[in-house]
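Structural features, examined
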Amino acid sequence: MIEEGKALFIQIAEQIEDQILDGSLEEESKAPSTNELAAFYRINPATAAKGVAMLTDKGVLYKQRGIGMFVATGARQTLLTERRSAFADRYIDPLLTEARTLGLGTDDLTALLRERATAAASITASSAESEGKPA
Amino acid sequence: MTAVIEVQNLTKHYKDTNALDNVTLSIEGGAIYGLLGRNGAGKTTLMSILTAQNFATSGDVRVFGEHPYENSRVLSRMCFVRESQKYPDDATPRHAFKAASLFFTNWDQALADRLIDDFQLPMKQTIKKLSRGQLSAVGVIIGLASRAELTFFDEPYLGLDAVARQIFYDRLIEDYAEHPRTIILSSHLIDEVSNLIERVIVIDNGKILVNEETDAMRDRAVTVVGDAAKVDAWASGREVLHREELGRVASITVLGHLSADERAGVAASGLDLAPVSLQQLIVRLTQKASADSAAPTHESQEVR
């Protein structure tokens, strides 16, 4: 769950972002506290606090005095915009590099992408009813 | 703002070795610190002197702004869990906890009871007859339940199995979150504690090699893997911590943070970037320090 070589607080922030993106943390709902994060990920509370601070700076979380941290309205949209613009850098560029190494051209890649997308869509459709949402 | 611990030019000689060599160190407090280093690096000596259980050859030590020696104002606020703590021959864990509860003003009996349960510690057996792991558990329980403002754990996990160590780490984080204080954790198991510690202090050969935030340490080095000629060309002019070769492939660990552009450049030239774990980094830094001090030009023991 936690990887090496990347600042821990960034990873904590990203894990919270993921939960907001996939809807398991809804807007205006209470976000996990620093201490809960520390206990769950087994990390120093100060590190968890740094991750949370990063999200408040971004306007994704906001603090209600005496109650805790909450997910801001519009947080999901903010994150979607941010992640989409990073998508090409993070996923497409490495994909193209590896494809070049293997001698796959753009057409091969496009065909492969279509094929996999169709397969994935049919799996999702068939397991959609049985799959429970993570808590 | 005063630091919890101030050490100035501290030196400790044993017969013919320098356990601590002119150490100057300031520990601000209010965090969990990792005190890391090889066997014989000086960790235990440093902690013993800070807790007034050993004498300095020269230099000055202040804890909570005062000298710790025979100073009950300071001593009652700190707890030192020694790796080889000695107890009276006929003492049971119950006796040890009773004594601790009288000495430490913040002692939390409920927490101690919970930990006794967690570690399934036999309370009526004499400590002498406990296993190494159970003996360590006694120390861990005292260290946590004393809730001292300044707590030292010196290799607290000896003989504890993986499950018991996890209990220790979990309880430490939980209790620290609710009752923030200064904790100094000396350990060899760097990978196990790397996520718990906020700051890393590495001591080597009686000298402080690193005193830095753990997060900052994490991206201080990177390993580049790929075609040996390309890797060497890339690494030239950089501070190389380690180099390995397998056939035509080389793996070089260099010191220094890479910018996003530099990372992209590495990827574009067909080389792979691999992260360096805190443990690897400390091992490499320590090896480099001893290589540097062996070489005639030991200019750079400064590692920043």
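Below: a short report on this structure.

Here we take up the overall build of chain A. Broken down by element type, chain A carries 5 helices and 2 strands. Each helix and strand of chain A, placed in order from N terminus to C terminus, yields the pattern α-α-α-β-β-α-α. Its C-alpha radius of gyration of 19 Å places chain A more than 25% over the 14 Å reference for a compact globule of 135 residues. When the backbone C-alpha atoms are referred to their principal axes, chain A occupies close to 55 × 40 × 25 Å. Counting every position in chain A, which comprises 135 residues, the buried fraction comes to 21%.

Attention now goes to the pairing of strand 9 (residues 207-213) of chain B. All names here are of chain B. Pairing of strand 8 (residues 199-204) with strand 9 involves 6 bridges; the strand directions are antiparallel. Note on strand 9: the bridge partner recorded for Val202 is Val210. Between strand 8 and strand 9, which pair antiparallel one after the other, the connecting turn spans 2 residues, and Asn205 there sits at a positive phi close to 55 degrees.

All names here are of chain B. Grouped together as the largest cluster of nonpolar side chains are 100 residues, with contacts concentrated most on Tyr33, Ile141, Leu185, Ile201 and Val202. When residues in this core are grouped by element, the largest group, 8 residues, is from helix 5 (residues 132-145). Among all residues touching Ile141, those that are not within four sequence positions of it are Phe97, Ala112, Leu115 and Ile116.

Another point: helix 5 (residues 106-127) of chain A. Helix length check: helix 5 of chain A, at 22 residues, gives a terminal C-alpha distance of 31 Å against a target of 32 Å (1.5 Å per residue), a fit within 8%. A small share of helix 5 of chain A lies buried, amounting to 0 of its 22 residues.

Here we take up the sheet that holds strand 9 of chain B. All names here are of chain B. Strand order in the open sheet made by the 6 strands is 5-6-7-3-8-9, with mixed pairing throughout. In the strand order of this sheet, the two ends are held by strand 5 (78-81) and strand 9, each with one partner. The average angle at which neighbouring strand axes cross in this sheet is 15 degrees, direction not considered. In this sheet, strand 7 (residues 182-187) lies alongside strand 3 (residues 32-36) in parallel orientation, the contact comprising 5 bridges. Across the sheet, the residue bridging to Tyr33 is Ile184, located in strand 7.

Rules behind the numbers
- Residues numbered from 1 in each chain as written.
- Chains lettered and ligands numbered in written order.
- Predicted model: local features only at pLDDT ≥ 70, side-chain atom pairs only at ≥ 80, totals over all residues.
- Helix = DSSP H or I, 4+ residues; strand = E, 2+ residues; numbered from the N terminus.
- Rg over C-alpha atoms; globule rule 2.2 N^0.38 Å.
- Buried ≥ 20, exposed ≤ 12 C-beta atoms within 10 Å, placed from the backbone.
- Pairing = 2+ DSSP bridges.
- Core = buried A, V, L, I, M, F, W, Y, C linked by C-beta atoms within 7 Å.
- Contact = placed C-beta atoms within 7 Å.
- Expected span 1.5 Å × (residues − 1).
- Axes fitted to C-alpha atoms, helices over the stretch in contact; angles between N-to-C directions.

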